[in-house]
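# Commentary on secondary and tertiary structure
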Amino acid sequence: MMSAEAETRFGFAAVIGSPNAGKSTLVNALVGAKISIVTHKVQTTRFAVRGVAIEDKTQICLVDTPGVFAPKNRLDKAMVRAAWSGADDADCVVHVIDVGARDRIEQGQGKPGDRLMVDDDDRVMEGLKLAGRQATLVLNKIDTIDSDHLLAMSKELYDTGIYSDVFMISAKKGFGVPLLKAHLATLMPEGVWHYPEDQIADLPQRLLAAEITREKLYLRLHEELPYSSMVETESWRKLRDGSVRVEQSIIIERDSQKPIVLGKHGSAVKAIGEAARRELEEMLGCRVHLFINVKVDPRWMARRSHFSDVGLDFDA
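What comes next concerns the included structure. (Residues numbered from 1 in each chain as written. Predicted model: local features only at pLDDT ≥ 70, side-chain atom pairs only at ≥ 80, totals over all residues. Heavy atoms only, no water.)

### Considerations on the environment of S256
Of note, S256 is situated in the loop between β9 (244–252) and α8 (258–262). Taking relative accessible area as the criterion, S256 reaches 52% and is therefore assigned exposed. (Helix = DSSP H or I, 4+ residues; strand = E, 2+ residues; numbered from the N terminus. Buried < 20%, exposed > 50% of the residue type's maximum accessible area, 1.4 Å probe, protein only.)

Here it is as structure tokens:
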């Protein structure tokens, strides 16, 4: 771990934007490893996930925040509060925009989901303007848009005065990510590193395990299963042979959802568990015994503990 304060830099970069703009994919690309889950479902990231990236003698703590959107319930409000809190406390703010969605709206070809994303982007811009804070604009998914449209969009957004810099990238394919990473390093203040050189995330293993299972749950059932479900790691025990025994519960709101999660003869939950176990074994470097139960709790979103366990403000 580096310790010479005059030679090293450390700081926080908050990554904000609309749900599904590619924030988690970008954070994973900057870190160089998967630390935040990615699914097709909007608002997948529910709380601030910290990833640690290194650029030369600079350590960047990337805060992958929940999307900024119009909240409808207590969980939504807590997630939006977490997103803005991450931005308020950071040394720099990175606003990620899905240029494909914005372009389709401008060309009159947008779908309802595209309109929501553009509205959410505008909501972020308004928030930055009210805070009097400039951000680094990251135009993501540039491979989905005509270059002329991209340049015009870049100029239009930069001319708002909200942004100090503009970067054009494809987080999924890695285009432009190294240049963005180098730029973020220059924005970090001088200081000692806060994490060991080999640490890539600041997330408890029990919480990381729950997030991995939630990702597999959404990837398999993203159309059938409502957004209002969660995964809780109830037990984590290291065994004598070096393996880990993990017990989790998938918590849903209605009895009618249980057959969906279980699948015919338990096929769905078995597949979810196998996928989560494989990824956990790869990340932990040891054998994992994963046991998943399905619980129905109509009031899980009204329980303070479910919010505080992941650092969300129940009273947001």
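### Observations concerning the pattern of salt bridges
For the coordinates displayed, the defined rule picks out 15 salt bridges. The partner of D122 in a salt bridge is R102, and the shortest N-O contact between them spans 3.0 Å. Here the residue D122 occupies a position in helix α4 (residues 112–131), and R102 occupies one in helix α3 (residues 99–106), the gap between them amounting to 20 residues. For K173, the salt bridge goes to D143, with nearest N and O atoms at 3.2 Å. (Salt bridge = Lys/Arg side-chain N within 4 Å of Asp/Glu carboxyl O.)

### Focus on the side chain of T233
As for its position among the elements, T233 is in strand β8 (residues 230–238). For T233, a relative accessible area of 10% puts it in the buried group. A polar contact is formed between the side chain of T233 and the backbone oxygen of R206, at a distance of 2.7 Å. Within the structure, the side chain of T233 is placed 3.2 Å from the side chain of Q248, a separation counted as a polar contact. Apart from residues lying up to four places away in sequence, T233 is in contact with R206, A209, A210, V246, E247 and Q248. (Polar contact = N/O pair within 3.5 Å; in protein donor to acceptor, adjacent residues only side chain to side chain. Contact = heavy atoms within 4.5 Å.)

### Observations regarding the sheet that holds strand β3 (residues 58–64)
Pairing in this open sheet of 7 strands is mixed, and the strands run β6-β5-β4-β1-β3-β2-β7 from one edge to the other. Each having just a single partner strand, β6 (163–168) and β7 (201–202) make up the two edges of the open sheet. Relative to β3, strand β1 (residues 9–17) runs parallel, the two sharing 7 bridges. Residue A14 lies in a different strand from β3, and its bridge partner there is V63. Lying on the sheet, helix α1 (residues 23–31) is in contact with β1, β2 (49–55), β3, β4 (92–98) and β5 (135–140); it crosses β3 at an angle near 160°. Each of β4 and β5 is contacted by α3, which is oriented at about 50° to β4, the strand it contacts most. (Pairing = 2+ DSSP bridges. Axes fitted to C-alpha atoms, helices over the stretch in contact; angles between N-to-C directions.)

### Remarks on the nonpolar core
Counting 26 residues, the largest nonpolar core has V15, L26, I60, L62, V96, V138 and L184 as its most contacted members. When contributions to this core are tallied by element, the ones reaching two or more residues are β1, α1, β2, β3, β4 and α6 (177–186). In terms of nonpolar packing, the next biggest core, distinct from the first, is built from 19 residues, I97, V99, M153 and L157 among them. (Core = buried A, V, L, I, M, F, W, Y, C linked by side-chain atoms within 4.5 Å.)

### Let's talk about helix α9 (residues 267–284)
In a regular helix each residue adds 1.5 Å, so 18 residues correspond to 26 Å; α9 covers 26 Å between its end C-alpha atoms and thus fits that length. On its buried face, α9 sits against α7 (205–221), β9, α8 and β10 (288–296). The positive-phi residue at the C-terminal boundary of α9 is G285, with phi of around 70°. (Expected span 1.5 Å × (residues − 1).)

### Brief notes about the sheet that holds β9
Pairing is mixed across the open sheet formed by 3 strands, whose spatial order is β8-β9-β10. Sheet topology places β8 and β10 at the edges, where each strand pairs with a single neighbour. For this sheet the average axis-to-axis angle between neighbouring strands, irrespective of direction, equals 20°. Alignment of β9 against β10, held across 9 bridges, turns out to be parallel. Its bridge partner being in β10, I250 is matched across the sheet by V294. Packing against the sheet, α7 makes contact with β8, β9 and β10, and its axis sits at approximately 135° to β8. Contacts between α9 and the sheet are confined to β8, β9 and β10, with β10 contributing the most and set at about 140° to the helix.

### Re helix α5 (residues 147–158)
Along its 12 residues, α5 runs 16 Å from first to last C-alpha, staying within 8% of the 16 Å computed at 1.5 Å per residue. When α5 is considered as a whole, its buried residues turn out to be L150, M153, S154 and L157. Looking straight down α5, one finds that the buried residues subtend no more than 105° of arc, so they occupy a single side. Of the residues in α5, the exposed ones pointing more than 90 degrees away from the buried face are D148, L151 and K155. (Arc of directions from axis to C-beta.)

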